[in-house]
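Spelled out, the chains give:
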Amino acid sequence: MNKYTKASFRALLEKKLINKRTSTLEDTSDTDLFYAIASIVKDEMNQANVTTKKGNIQSKKRQINYLSMEFLIGRLIESNLLNLGLMDVCNEVLIDLGRNPKKIYSEENDAGLGNGGLGRLAACFLDSIASLGYLGNGFGIRYRYGLFEQRIIDGTQIELPDNWLKEVYPWEVRKADETITVHFGGEVYSETMPDGRLKFHYQNQETVLAVPYDVGVAGYDNGVVNTLRLWSAEVPDTELTMHPNQLEYMQNVERISGFLYPDDSTEEGRFLRLKQQYFLVSSTIQTLIKQLKEKYNEPVTKFHEYNCIQINDTHPTFGIPELMRILMDDEGLSWDEAWAITTKTYAYTNHTIMQEALEKWPVSQVQRVNPRIFMIINEINERFCRDVYENHPQYRDRIADLAVISHDLVHMSKLAIVGSFSVNGVAALHSEIIKDYTFNDFYKLTPEKFNNKTNGITHRRWLMASNPKLSNLITDAIGDQWIKSPQELSQLMRYYNDDAFLKQLQEVKLHNKKVLKDVIYDKTGIEVDEHSVFDVQVKRLHEYKRQLLNVLHIIYLFNEIKRKPSIKVQPRTFIFGAKAAPGYHIAKEIIKLIHAVAEVVNYDKDVDGRIKVVFLENYNVTLAEYIMPAAEISEQISTASMEASGTGNMKMMMNGAITLGTMDGANVEIAELVGKENIFIFGLSSDEVIHYQTNGGYNASDIYHTDSRVQTSLDALKDGQFGRDFAFQDLYFNILKNNDPYFLLKDFNSYVDIHLTAMATYSDEKKWNQMSLMNILKSGKFSSDRTIHEYATDIWKLI
Ligand code: 26Q
């Protein structure tokens, strides 16, 4: 597919350097080179994007519109080069020039437009949609500032603004001519028309421009370039001149796409976040309607024939009433006509079962965002409740729980379920929990809506681009079919007893560990042993993810060594990476604790370097690309039932790490695939956790008082073993006073034991390499290509 020779690529680069950067090959900077290469790549993408769009309109096929408040796309230079087939030629030219390709690519800022799993999932999905040649585009917000940049000062997390746009963002095209107007607030009044219908008028609304910035999404080796459209809020000129307080007005408007909110389930819903949500859906739906009429020349009554809208969690749920509003108020359809179209358009993905994380917004705030939208939600609720009452009398006593609006709150998940034809969870276990518990009432009412789509990750970024050594080893062994059909990784089974191959696998891991070792040294000054086990827990900091359990185990190990310094322990490096939401006190205390423990353990004479604890600050997509290939133990230790899926578990598995985890989320499916012998499972099952929860929990203080291992480790938090006296008493009391809602103490012993098993296994090199191979060769299922194929056939009906 690559149309360039080294010479022609070099010539083009030379030209770009002059034209775009007023620079020349001989004396150019890394920055200039990066922008010149990006410009070549973007030209290619723009060309293919035009062809793709033309083809789409002619094909008259249904398209999927993926709506998400987050797209955590990270850097694009390498994945674009890879997908366009330009990676090799570009690397070779740079090396010929005496430059280091990695260093040049690292000039690009991460686009951190997401919090974590949900946002990264959206990015992997776009890659797969394009790579499978489906017609589909993403819609999100072009936040001026992405998720905060994390700095650690004296063990404390400090949040800095993520000014990712401070230089030019090379991948976007501003499309001012496709600007949309979005209206907020004001008052609604209605007028009865001669035919008896109500016509709605609005006054005193705030008018905001939504200006699209398009980012190309290249498919792998197929000439497809889809679009990720990111909306930016701007002030209309006309409004600006009318406003006495121009500056303040402008700032208020531009604030709408100002920054990404951190995922903070404990914080009160903020009004601006709600405005962002409406801003995304209103601009997107208006565009889709326009596209249908102007590009496809079709009436709005065919909206659902041409469009499917997948909403990434409940954040874009206002899209449901917004489509209703446009179809009725602007297009003159009746309620029933509009409702039929809307409910054939929307599909909703749920990513959490934790009650406190399910979105609920005060009625008054929804009214303030847009009063007409609230009227429609209200009507949806009334009609839905009436329908249950009249047509499902056996559920009459459940209506209070089913209602979309109750206790003066709009329940976004209920609105999403009522307005969608599909509701899916993100791993098999999670989808069952949704049906049996979280949304059981809705499941009984409409079982046909509920389905599972186990998450996936793009193997192009998470294996090919980030772990080229492993990719090449695989291709040398089984050919390159796995690249387009990742399930073909199973062919590696042929090498299960091949000592030479297993050795090579081990060497690749060692190489990747050395690369990470250097990164760790550069970032922290800590020197780690590449021959120690790299034990990794990288993910957002949340109590349910139980980073604290990991730390308590490290404390336990440390105390064992202190008790008997000659004890034999497998050398280990515990690697953490995690951002805590700025207002999440306990999460920030856990970060402090990790640092305090590291400070003691890393320099202890008795430990003598056998255990190291490393916290890598500012965990993001780029850092993950160094960590995943080097991981040996993948810590996936959430309280069973609480992690919807997890996707870091898949990334590490695909790179040959062994999962050490609970039977939660997609770990269950990993265990099923690789077999119990190739994974380290511990702890309560989700049934047991749910059983305890529904019966008031277990008795945490009993365990604390009777189990000395538990007590000693926990006491370390309050007795000043790590730093100042009483330094971590908040963590200590948080467990005991709340009766350990995340079951840390209950699972502690089984966690300690599974680590012992894992380390005993590690000493058998061949066995470990075989386990690692088994994980790689079974990981094809977790390519997002498989996930997207399932969405496309079962939900979106694209083929
Ligand atoms: C909501 C309202 C106000 C402010 C922020 C939010 C908000 C933002 C982001 C709430 C939640 C999120 C992100 C959730 C998330 O990432 N969930 C993860 O999704 C992954 C992909 O499905 C799963 O693998 C993880 O298990 C799940 O935790």
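Starting from 1, residues in each chain are numbered consecutively following that chain's sequence as written. Where local features are concerned, this predicted model is filtered to residues with pLDDT of at least 70; where side-chain atom pairs are given and counted, the filter is 80 or more; whole-chain, interface and lining totals use all residues. Each side-chain value is worked out from all heavy atoms of the structure, with water and hydrogens disregarded.

Chemist: Help me understand the overall build of the protein chain in this model?
Modeler: Within the protein chain one finds 34 helices and 25 strands. Radius of gyration means the value over C-alpha atoms here, while the globule rule gives 2.2 Å times the residue count to the 0.38 power. Taken over the C-alpha trace, the protein chain has a radius of gyration of 27 Å; the compact-globule value for 799 residues is 28 Å, and the two agree within 12%. Judged by the C-alpha coordinates and their principal axes, the protein chain covers about 95 × 70 × 55 Å. The rule is simple: take the accessible area with a 1.4 Å probe, protein chains only, and divide by the maximum for that residue type; under 20% is buried, over 50% is exposed, in between is partly exposed. Buried positions account for 62% of the 799 residues belonging to the protein chain. Long-range contacts, defined as pairs at least 24 residues apart, comprise 76% of the intrachain contacts of the protein chain with a sequence gap of at least 6. Under the convention used here, a 1.4 Å probe and the Shrake-Rupley method define accessible areas, while residue burial counts only the protein chains that appear. Of the accessible surface of the protein chain, which amounts to about 30,900 Å², a share of 49% is contributed by carbon and sulfur atoms. In this tally, Lys and Arg are treated as positive and Asp and Glu as negative; His is ignored, and so are the chain termini. By convention, the point assigned to a charge is CZ for Arg, NZ for Lys, CD for Glu and CG for Asp. Averaging the locations of the 88 positively and 106 negatively charged side chains of the protein chain gives two centres separated by 3 Å. In this description a helix means any DSSP run of H or I spanning at least four residues, a strand means any run of E spanning at least two, and both kinds are numbered starting from the N terminus. Residues are treated as being in contact if the distance between any of their heavy atoms lies within 4.5 Å.

Chemist: Even after reading the chapter, I still don't get the environment of Leu 323, so can you show me in this structure?
Modeler: With respect to the element layout, Leu 323 can be found in helix α11 (residues 319-330). Exposure remark for Leu 323: the relative accessible area of 0% places this residue in the buried category. In sequence terms Leu 323 and Ile 289 are 34 residues apart; their C-alpha atoms lie 9.1 Å from each other. In contact with Leu 323, not counting residues within four places along its chain, are Ile 285, Ile 289, Phe 303, Thr 342, Thr 345 and Tyr 346.

Chemist: How do you make sense of the nonpolar core when you look at a structure like this?
Modeler: Nonpolar side chains tend to gather and get buried jointly when the protein is soluble and globular. Among the buried residues, those of types Ala, Val, Leu, Ile, Met, Phe, Trp, Tyr and Cys that are joined through side-chain atoms within 4.5 Å form a nonpolar core. Counting residues in each nonpolar core, the largest one holds 203 residues, and the members touching the most others are Phe 279, Leu 492 and Trp 796. The residues contacting Leu 492, other than those within four sequence positions of it, are Ile 474, Ala 477, Ile 478, Phe 501, Leu 773, Ile 776 and Leu 777.

Chemist: I would appreciate a short explanation of the pairing of strand β1 (residues 63-67) in the present structure.
Modeler: The side chains of a regular strand alternate between the sheet's two faces. Most of β1 is tucked away: 5 of the 5 residues are buried. Of the two faces of β1, the one carrying Gln 63, Asn 65 and Leu 67 and the one carrying Ile 64 and Tyr 66 are both buried. The criterion for strand pairing is that DSSP finds at least two bridges linking the strands in question. One ladder, built from 5 bridges, connects β1 with strand β13 (residues 307-312); its direction is parallel. Among the inter-strand pairings, Ile 64 is bridged to a residue of β13, identified as Cys 308. As paired elements, β1 and strand β4 (residues 136-141) share 4 bridges and run parallel to each other. Of the residues in β4, the one forming a bridge with Ile 64 is Gly 136.

Chemist: Explain the sheet that holds strand β24 (residues 658-661) here, please?
Modeler: The strands making up a sheet associate through backbone hydrogen bonding, with each pair oriented either parallel or antiparallel. Across the sheet, 6 strands lie side by side as β22-β21-β20-β23-β24-β25; this open sheet has parallel pairing. Edge positions in the sheet fall to β22 (611-615) and β25 (680-681), since each of these pairs with one other strand and no more.

Chemist: Looking at this structure, how should I read the site of the ligand?
Modeler: It suffices for a single heavy atom of a residue to lie within 4 Å of a molecule or strand for the residue to be listed as near it. The environment of the ligand is made up of 19 residues, and the closest members are Leu 118, His 351, Asn 455, Glu 643 and Gly 646. Pairs of N or O atoms within 3.5 Å make up the polar contacts considered here, provided that, within protein, one atom can donate a hydrogen while the other can accept it, and that residues adjacent in sequence are counted only when both atoms are side-chain atoms. Note that an oxygen atom of the ligand is positioned 3.0 Å from one of the backbone N or O atoms of Ser 645. Across the complex, the protein chains shield 86% of the 620 Å² of accessible surface that the ligand would expose by itself. Top element by residues in the shell around the ligand is helix α6 (residues 117-131). It accounts for 3 residues.

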